[in-house]
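Next come the chains, spelled out residue by residue.
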Amino acid sequence: MKRWRVCVRVVVALGAVALGAVALGRAATGSAVPVIFQSAPGRFEVAALDGGDAQRVAALAGQAWPLLAGPLALPESFASPVFVRLVPAADWGERSPFRVTVEAGGVVAVRVGWDRTTPEVVVRRALVQGLLMRQAVARHGVNERLTAPLWLEHACVGWWRTRAEPAQLDALKQASARLAPPPLEDLLLWPRGTTEPASFVDGAGWLLTFLTGEAGKAGEWPALLHRLLGGEAPAAALAASFPGRYANDHECELWWQTGWQQLRRARVLPGWEAAESRVELAEMVRFVFSHQGEDAVMPLRDVLGRAGEPVVDRELKRRAAAVNRLLAALHPFYRNAGLSLADALAVRGAGAERRDAVCAAFEQEWRDATELERASATALDALSARENKSANP
């Protein structure tokens with residue numbers, strides 16, 4: 001099988017290079033050459049004929065990684081990224097809107113039939129399936145048993161959406177109130193190529209939340225994930241990974257349905273923990289340029305100073321919109337830092353003095369937030385230690 005990744009790259013001066021990308025433009029012959037964007041080294045690499053399209057999908061991929069790092073036990077990066085290619089719809093001959101393949105060397109390739117009307121959910125599912133298969137390769141090597149279960153694909157998309165847009169959690173709860181939980185065995189064995197009812201799509205999201213919540217320090221969920229990606233039978237993998245939780249199929253189904261109802265009815269604020277907020281804001285302020293074949297992190301001050309460049313300006317606008325969407329979900333420790341970052345991203349074209357002022361304000365709020373997080377964790381650890389000592393004199 002041939003790799004689709006473009007082999008010829010033209011690297012130009014830093015001033016003309018897209019954020020997080022190697023801009024290829026057009027070849028000397030005038031024929032279109034793909035533009036390649038990286039979400040981050042060793043994560044996703046997106047190729048498209050249009051730079052704006054590649055940038056849009058790379059931005060989505062960059063959002064997915066930190067939000068899915070926990071449930072999917074993702075490393076900081078893989079030895080090789082997930083390669084994503086946006087194929088013009090006119091050239092797309094597949095029946096499905098995207099296809100994920102694993103090559104003999106362990107390279108995971110995602111091809112998406114693309115035009116400007118391609119639904120975002122299709123792109124999210126393609127990215128998630130590619131990520132699941134890349135994690136499967138990293139854990140098990142290349143073999144014919146590797147799999148990305150359909151329920152887990154939908155579950156990860158749901159996890160991503162409800163954490164990137166917290167209001168979606170309320171929408172999910174409202175929709176689930178009108179649905180019965182799907183039978184656990186049917187959900188775990190949900191085959192591709194069949195119908196995708198709302199009860200299964202929503203149920204998949206609740207199942208992932210349920211299993212990660214049920215997992216204790218013994219690592220039940222990571223063990224199940226490892227088995228599922230390796231192609232083990234779901235029912236046997238679940239029983240082996242969560243020993244002692246149920247004695248038979250009837251108790252297993254009761255365990256799941258009780259969990260569904262508890263999660264659906266739980267009254268929680270649609271917000272993030274302090275650590276999640278820190279990770280999200282850190283991603284929003286991390287800018288990477290590709291220069292002479294090497295990736296270089298660019299400080300926020302320097303990026304703001306180059307807002308006159310079209311590619312930089314588009315990226316600043318995108319991040320400004322993203323930060324404004326996540327403000328409501330930020331932990332109180334990081335709320336002021338988020339507001340300061342939003343202010344900083346909005347000063348495109350301002351003078352150096354103004355840029356320095358807003359960047360300094362963000363940096364101070366960031367230091368305050370991280371200090372509060374550390375102090376809170378230290379205090380809670382001390383309280384827990386005292387309680388344990390009192391309980392076990």
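Scroll up for the structure.
Numbering of residues begins from 1 in every chain and follows the order in which that chain's sequence is written. Local features are withheld for residues below a pLDDT of 70 in this predicted model, meaning they are given only at 70 or higher, and side-chain atom pairs are given and counted only at 80 or more; totals for whole chains, interfaces and linings count all residues. With hydrogens and water excluded, all non-hydrogen atoms of the structure serve as input to the side-chain values.

Engineer: It is not clear to me how the packing of aromatic side chains should be interpreted in this structure. Could you clarify?
Structural biologist: The way to describe two aromatic rings as a pair is by their centre distance and the angle between their planes. The pairing test for Phe, Tyr and Trp rings, Trp by its six-membered ring, is centres within 6.5 Å, and the orientation test on the planes gives stacked under 30 degrees, edge-to-face over 60, and tilted for anything in between. Per the counting criterion, the structure on display carries 10 aromatic pairs. Here phenylalanine 44 and tryptophan 65 contribute two aromatic rings whose centre-to-centre distance is 6.3 Å and whose plane-to-plane angle is 90°, an arrangement assigned as edge-to-face. In this pair, phenylalanine 44 is assigned in strand β3 (residues 44–48) and tryptophan 65 in helix α1 (residues 51–68), connecting sequence segments 21 residues apart. The same class applies to phenylalanine 44 as to tryptophan 65, namely buried. Among the aromatic residues, those joined into a ring-pair cluster are Phe210, Phe242, Tyr246, Trp255, Trp256 and Trp260. Over the ring of tryptophan 160 we find arginine 124, and its NZ or CZ is 4.5 Å from the ring centre. Note that arginine 163 overlies the ring of tryptophan 159, its terminal NZ or CZ placed 3.6 Å from the centroid. Helix and strand labels come from DSSP, where a helix needs a run of H or I of at least four residues and a strand needs a run of E of at least two; each type is numbered from the N terminus. To sort residues, take the accessible area from a 1.4 Å probe on protein chains only and compare it with the maximum for the residue type: under 20% means buried, over 50% means exposed, and anything in between is partly exposed. Two limits define a charge over a ring: the Lys NZ or Arg CZ must be within 6 Å of the ring centre, and within 35 degrees of the ring normal.

Engineer: Honestly, the packing of α1 against helix α10 (residues 274–284) in this entry has me stumped. Any pointers?
Structural biologist: Describing two packed helices takes the angle between their axes plus the distance from one axis to the other. Fitted lines through C-alpha atoms give the axes, limited to the stretch in contact for helices. The angle between two N-to-C directions lies from 0 to 180 degrees. The N-to-C vectors of α1 and α10 enclose an angle of 160°; their axes lie 10 Å apart at closest approach. Relative to α10, the element α1 lies roughly antiparallel. Considering only the axes of α1 and α10, their crossing is right-handed. Here α1 contributes Gly62, Pro66 and Leu67 to the contact with α10, which in turn contributes Val279, Glu280 and Glu283. For the contact of α1 with α10, a count of residues per class yields three nonpolar, one polar and two charged. Relative orientations are named as follows: roughly parallel for angles under 35 degrees, roughly antiparallel for angles over 145 degrees, roughly perpendicular for angles from 65 to 115 degrees, and oblique for any other angle. Crossings are assigned a handedness: left-handed for a near helix turned anticlockwise from the far helix by less than a right angle, right-handed for a clockwise turn. Throughout, a contact is declared for two residues whenever any of their heavy atoms are within 4.5 Å. Each residue is assigned to one class: nonpolar for Ala, Val, Leu, Ile, Met, Phe, Trp, Tyr, Cys and Pro, charged for Asp, Glu, Lys and Arg, and polar for all the others, Gly among them.

Engineer: Even after reading the chapter, I still don't get the pairing of β3, so can you show me in this structure?
Structural biologist: Taken residue by residue, a regular strand's side chains alternate between the two faces of the sheet. Of all five residues in β3, five are buried; the element is thus mostly enclosed. Here β3 shows no split at all, with Phe44, Val46 and Ala48 on one side and Glu45 and Ala47 on the other all buried. In this structure, strand β2 (residues 35–40) lies alongside β3, joined through five bridges in antiparallel fashion. Looking across to β3, one finds that isoleucine 36 is bridged to alanine 47. A pair of strands counts as paired when DSSP detects no fewer than two bridges linking them. Connecting β2 to the next strand, β3, in antiparallel fashion are three residues, including glycine 42 with a positive phi near 75°. Bridge count between β3 and strand β4 (residues 82–88): four bridges; the pairing is parallel. Counterpart to valine 46 in the pairing with β4 is valine 84.

Engineer: Whenever I open this one, the nonpolar core confuses me. Can you help?
Structural biologist: In globular proteins that are soluble, nonpolar side chains generally tend to be buried together. Core analysis: the largest hydrophobic core is formed by 73 residues, its most contacted members being Leu68, Leu127, Trp151, Trp160, Leu207, Leu211 and Leu238. The element best represented in this core is helix α2 (residues 120–140), accounting for 10 residues. For this analysis, a nonpolar core means a set of buried residues of the types Ala, Val, Leu, Ile, Met, Phe, Trp, Tyr and Cys, connected via side-chain atoms within 4.5 Å. Phe287, Leu300, Ala342 and Val347 belong to the second-largest nonpolar core, a separate cluster that totals 30 residues.

Engineer: Explanation requested: the pairing of β4 in the structure shown.
Structural biologist: Along β4, five of the seven residues are buried, which leaves the element largely enclosed by surrounding structure. With six bridges joining them, β4 and strand β6 (residues 108–114) adopt parallel strand pairing. By the bridge assignment, arginine 85 is partnered in β6 with arginine 111.

Engineer: It is not clear to me how α1 should be interpreted in this structure. Could you clarify?
Structural biologist: Because the α-helix completes a turn every 3.6 residues, residues three or four places apart line up on one side. Here the expected length of a helix is defined as 1.5 Å per residue gap, with one fewer gap than residues. Taking 1.5 Å per residue as the helical rise, α1 with its 18 residues ought to reach 26 Å, and the 26 Å between its terminal C-alpha atoms agrees with that figure. Of all 18 residues making up α1, 14 are buried, and the element is well covered by its neighbours. Here a polar contact is recorded for every N or O atom pair within 3.5 Å, except that within protein the pair must consist of a potential hydrogen donor and a potential acceptor, and residues adjacent in sequence are included only if both atoms are side-chain atoms. Of the residues flanking the start of α1, the one acting as N-cap is aspartate 50, its side-chain oxygen 2.8 Å from the backbone nitrogen of glycine 52.

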